[in-house]
Amino acid sequence: MELGSILKLEKGRKPVRQDCRCGDGFAPYVDIEAFETGNIRRYTDGEKCVPCEEGDILIVCDGSRSGLAGYAVKGYVGSTLAKISAEGLSGPYLFHFLQGKYSLLNTRKRGTGTPHLDVEMLRGLRLRVPAPSEQERTVARLEGQLAQLNAAETRLKAVKEHLRAYRQAVLKEAFSKMERACTVREAASLVTSGSRGWARYYSEAGAKFIRIGNLTRDSIRINLEHVQHVSLKSGVEGSRTRLLPGDVLVSITADLGSIGYVGEDMGEAYINQHIALVRFRNPSQGKVMAWYFRSDFGQADLLKNKRGAGKLGLGLEDIRGVKVPFVSEAEGSRILERIEQRFSACEQMERTIETALRQSEALRQSILKKAFEGD
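Residues numbered from 1 in each chain as written. Predicted model: local features only at pLDDT ≥ 70, side-chain atom pairs only at ≥ 80, totals over all residues. Heavy atoms only, no water.

1. Notes on the overall build of the protein
Definition in use: Only DSSP runs of H or I covering at least 4 residues are called helices, and only runs of E covering at least 2 are called strands; the numbering of each starts at the N terminus. Contacts are assigned to residue pairs with any non-hydrogen atoms lying within 4.5 Å of each other.
Within the protein, the secondary structure is distributed over 10 helices and 19 strands. Taken along the three principal axes of its C-alpha coordinates, the protein extends 75 × 45 × 45 Å. Across the protein, contacts joining residues at least 24 apart in sequence account for 75% of those joining residues at least 6 apart.

2. Focus: the nonpolar core
Across soluble globular proteins, nonpolar side chains show a tendency to be buried alongside one another. To keep it simple, the criterion reads: Definition used in this section: a nonpolar core is a set of buried Ala, Val, Leu, Ile, Met, Phe, Trp, Tyr and Cys residues joined via side-chain atoms within 4.5 Å. When accessible area is computed with a 1.4 Å probe and restricted to protein chains, residues below 20% of their type maximum are described as buried, those above 50% as exposed, and intermediate ones as partly exposed.
Counting residues in hydrophobic clusters, the biggest one holds 36 residues, and the most contacted among them are F175, V184, F293, I319, V324 and I339. Elements with a minimum of two residues in this core: α5 (132-175), α6 (184-187), β11 (188-193), β15 (248-251), β16 (259-261), β18 (275-280), α7 (286-294) and α10 (329-371). Residue contributions to this core peak at 6 residues, all from α7. Discounting chain neighbours no more than four positions away, the residues touching I339 are V170, L171, A174, F175 and W291. Formed by 30 residues, the second largest nonpolar core is a distinct cluster that contains A69, L94, L122 and A371.

3. Description of the sheet that holds strand β7 (residues 69-71)
Our working rule: Strands were regarded as paired on the criterion that DSSP finds at least two bridges between them. Fitted lines through C-alpha atoms serve as axes, helices being fitted only where they are in contact, and the angles separating the N-to-C directions of these axes extend from 0 to 180 degrees.
Strand order in the open sheet formed by 4 strands is β1-β9-β6-β7, with antiparallel pairing between adjacent strands. For this open sheet the edge positions go to β1 (7-11) and β7, each flanked by a neighbour on one side alone. When strand polarity is set aside, the average angle formed by the axes of neighbouring strands in this sheet is 35°. Against the sheet, helix α2 (residues 91-100) makes contact with β6 (57-60), β7 and β9 (81-86), and its axis sits at roughly 150° relative to β7, the strand it touches most.

4. Topic: α7
Of all the 9 residues making up α7, 8 are buried; the element is thus mostly covered by neighbouring parts of the structure. Every buried residue belonging to α7 is among G286, V288, M289, A290, W291, Y292, F293 and R294, and all of these are buried.

5. Structural notes on unusual backbone geometry
At K48, a position not held by glycine, the phi torsion is positive, near 65°. Mapped onto the elements, K48 comes out in the loop between β4 (43-44) and β5 (51-52). A residue is classified by how much of its surface remains accessible, and K48, at 61% relative accessible area, is exposed. Positive phi, close to 60°, is recorded for A254, a residue that is not glycine. In this fold, A254 is placed in the loop between β15 and β16. The exposed category is assigned to A254, whose relative accessible area is 60%.

6. Brief notes about the pattern of salt bridges
The criterion, for reference: For this document, the term salt bridge refers to a Lys or Arg side-chain nitrogen within 4 Å of an Asp or Glu carboxyl oxygen.
Counting across every chain of the model gives 25 salt bridges. A salt bridge links D45 to R17; its shortest N-O distance comes to 2.7 Å. Note that D45 is positioned in the loop between β4 and β5 and R17 in the loop between β1 and β2 (18-19), a separation of 28 residues in sequence. A salt bridge links R21 to D19, with the shortest nitrogen-to-oxygen separation between them at 3.7 Å.

Laid out in structure tokens, this is it:
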């Protein structure tokens, strides 16, 4: 039968009153963060809200995670979620059925702006309603198999965390014995940030436009997978921040202290106002300095003067005042060789882990599909 014939779906609503503290008569407001991570930030007295009990099934209706199902805590359903149940189906049975349909529901969303769950597609999903005893057996078998899979994924993710710690240990070893002999102001020929108003130059092709999303926390490599392109006329103000090989990029708003290094193969590229450009007098030392900024030593010095109570930021003078080591050409080459050799091994291991995690997810979907074959 179609799920819609037995489905009950109640969309959450925005609360009339809410607070960051749990006062008398208030209960958790289960928004998307509380749903996914268990981190409850807001509470409400429930006026005009949809209540939920611990163990109820919720599904994401709005946003990039549309179609994701999970269990509720006792409280009130957030406005981007819905409480869902089906006559004749136990909560765990319905939950696992929806788990197996997440990829379909998530890739067939509605809306051109904020994506929304296609409720008609949800209602059209076909399944059978077995006897309660058969549902229990199916759920027990599934949860035994998935528990083993979850344990394997947890171990893989723990290895990834150890690799992050190992990277910092490599950088600590590389820079711990070096004296911070000068400031960026003394070592650099240029410290500046990008211009505003770039949206007018956006294009399908042309020069690369580097934004904070292109910088990472674990490396100095600039991620160009989803890079924006711009078509820039000569002489416009933004051209002053055209990147050159050896430049070092530092995020100065949002995710402070993300680092990027501009290699020889970058080509024509520019930055926005949320990124600072540091051009060292000796461009050949830029890569060593990028790794230093990425180390715990560099991060501590960069971020010690972060500003703002709400939206944090770094000023260009903060960056100019950072102390950096003096490194000879020969020593710099030795440092880079050690770092890149070890980081290369880490990246190879991470690729292996990512492949294993993708295979694990494929196996999860296969297990769920097999459990509900014929639905």
